[in-house]
Amino acid sequence: MAEEILKKIGELVAEGEEEGAVETVKQALSQGISPLTILNEGASKGMDVVSEQYSAGEVFLPELVLAGDAMSAVIRIIFENMSSEDAQKSKQGVVVLGQAKGDVHDIGKNVVGALLAVNGFEVHDIGIDAPVKSFYEKAREVNADIVGISTLLTTSLPYLEDTLRYITDTGSREKYQFIVGGGPVTPEYAKKIGADGWSRNAFDCVKMCKQLMARGNPGKHEPVIVDSETGVNI
Ligand code: B12
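Residue positions are counted from 1 within each chain, in the order its sequence is given. pLDDT decides what is reported in this predicted model: residues at 70 or higher carry local features, side-chain atom pairs at 80 or more are listed and counted, and totals for whole chains, interfaces and linings draw on all residues regardless.

## Description of the overall build of the protein chain
Under the DSSP-based scheme used, a helix requires at least four consecutive residues in state H or I and a strand at least two consecutive residues in state E, with every element numbered from the N terminus. From N to C terminus, the protein chain includes nine helices and seven strands. For the protein chain, whose C-alpha radius of gyration is 18 Å, the value lies close to the compact-globule estimate of 17 Å for 234 residues. With the C-alpha coordinates of the protein chain rotated into their principal frame, the extents come out at 55 × 45 × 35 Å. Across the 234 residues in the protein chain, those meeting the buried criterion constitute 42%. Pairs at least 24 apart in sequence give 73% of the contacts found in the protein chain among residues at least 6 apart. Atoms counted for the radius of gyration: C-alpha only. Globule rule: 2.2 Å times residue count to the power 0.38. Burial is judged by counting the other C-beta atoms within 10 Å of a residue's own C-beta: 20 or more makes it buried, 12 or fewer makes it exposed, and any count in between marks it as partly exposed, with every C-beta position built from the backbone. Whether two residues are in contact depends on their C-beta atoms, placed from the backbone: they are in contact if these lie within 7 Å.

## Section: the site of the ligand
Around the ligand sit 36 residues, and of these Gly 68, Gly 108, Ser 150, Gly 181 and Asn 201 come closest. Of all the elements in the fold, those that place two or more residues in the shell around the ligand are α3 (35–55), α4 (61–86), α5 (107–118), β3 (146–150), β4 (177–181) and α9 (202–215). The element that contributes the greatest number of residues to the shell around the ligand is α3, accounting for six residues. Looking at side-chain class alone, the shell around the ligand contains 17 nonpolar, 16 polar and three charged residues. Both domains that furnish three or more residues to the shell around the ligand are identified here as domain 1 (2–86) and domain 2 (93–233). Nearness here is judged by the C-beta atom: place it from the backbone, and if it falls within 6 Å of a molecule or strand, the residue counts as near that partner. Nonpolar residues are Ala, Val, Leu, Ile, Met, Phe, Trp, Tyr, Cys and Pro. Charged residues are Asp, Glu, Lys and Arg, and all others, Gly as well, are polar. Marked domain ranges trace back to an automatic or database domain assignment.

## Focus: helix α7 (residues 157–169)
An ideal rise of 1.5 Å per residue puts 18 Å on 13 residues; α7 measures up with 19 Å between its terminal C-alpha atoms. By the burial criterion, the buried members of α7 are Leu 157, Tyr 159, Leu 160, Thr 163, Leu 164 and Ile 167. Buried residues along α7 cover an arc of 165° about the axis, so they all sit on one side. On the buried face of α7, the contacting elements are α6 (132–142), β3, β4 and α8 (187–193). The first or second residue beyond α7 is Gly 171, which carries a positive phi of 80°. In this analysis, the expected span of each helix is defined as 1.5 Å times one less than the number of residues it contains. Working definition: the arc comes from the directions between the helix axis and the C-beta atoms, pointing outward to the latter.

## Digging into the domain arrangement of the protein chain
Domain boundaries in the protein chain define domain 1 (2–86) and domain 2 (93–233). With centres defined by C-alpha atoms, the gap from domain 1 to domain 2 works out at 25 Å. The partner domain 2 presents six residues to the 11 residues of domain 1 that form the contact. Elements supplying a minimum of two residues to the side of domain 1 that touches domain 2: α3 and α4. Here the element with the most residues in the side of domain 1 that touches domain 2 is α4; it accounts for nine residues.

## Some details on the sheet that holds strand β6 (residues 224–227)
Paired strands, as defined in this entry, are two strands with at least two bridges between them according to DSSP. Within the open sheet, the seven strands sit side by side as β2-β1-β3-β4-β5-β6-β7. Their pairing is mixed. Every interior strand has two partners, whereas the edge strands, β2 (121–125) and β7 (232–233), have only one. Of the strand pairs in this sheet, β4 and strand β5 (residues 197–199) are connected by two bridges, and their pairing is parallel. Each residue of the ladder has a partner; that of Ile 179, found in β5, is Gly 197. Here an angle of 0 to 180 degrees is reported between the N-to-C directions of two axes, which are lines fitted to C-alpha atoms, with helices fitted over the stretch in contact. With respect to the sheet, α5 is in contact with β1 (93–99), β2 and β3, its orientation differing from that of β2 by roughly 150°.

Structure below.
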């Protein structure tokens with residue numbers, strides 16, 4: 001029963017059926033299926049399907065936009081339900097999260113933000129196409145512990161390094177754990193630019209951020225790499 005409704009959510013997201021996907025998620029929640037299960041086993045599977053279809057040239061940008069909108073709508077409901085469920089969790093740290101300059105993809109970032117929030121982190125999302133200095137400005141304003149930057153575009157990769165350099169130039173490198181992620185961002189790249197953390201996905205990101213909070217001393221160690229796909233956790 002749960003399997004069937006989760007499969008349907010994935011299909012509706014992949015087809016870009018926003019209204020249907022939202023309705024079905026509400027049904028799943030009312031059946032007692034957990035928001036995390038709906039995200040992980042349902043909606044995300046739909047995004048995987050459409051990503052593969054796009055890469056194989058079977059669907060094109062318009063279909064991607066519709067699937068992206070359906071996924072974003074689903075994330076919003078899942079997030080609302082997660083926050084009420086997990087509101088009691090103690091505060092783990094303050095995170096500023098944004099999408100690199102030039103990049104308007106936001107689904108992965110939103111999933112990362114949602115999972116961090118339900119795991120007790122206070123998340124400040126500065127949105128897409130975020131200017132280099134906006135990460136530092138927000139971090140200073142909210143007294144952040146962690147600054148996270150996401151990109152799915154190879155052309156935006158240099159802004160990750162620029163953002164870290166900007167933070168360093170303000171003399172604040174030791175204040176913020178700087179974490180990076182998204183499609184073209186590899187652990188090697190994280191290490192090369194001197195980031196504090198990298199993870200494969202949102203679940204790994206929660207683990208990585210908890211490790212960073214426990215370790216302290218931003219900018220002074222090798223990056224924490226958490227990758228559930230390869231089993232690496234260093
Ligand atoms: C959906 C999508 C879109 C949608 C985005 C909708 C939205 N609201 O986000 C739309 C249609 C708008 C779009 C536009 C474009 N896209 Co697009 N898009 C995708 C697609 C199919 C899926 C991305 C996605 O949402 N995945 C699902 C999420 C959940 O996964 P994720 O983003 O990887 O995030 C996870 C991890 O990476 C990690 N993570 C993510 N961020 C962070 C941050 C931190 C700090 C950490 C620790 C971890 C972490 O955790 C996340 C959750 O588990 C990908 C293909 C792919 N295989 O990725 C192409 C893809 C990213 N797009 C691509 C391109 C080229 C474009 C366009 C330039 C196309 C065009 N010609 O106009 C434009 C970009 C415009 C711009 N300026 O940004 C390329 C990028 C190639 C590259 N390496 O540069 C890809 C890879 C497709 C391809 N194979 O060519 N796209």
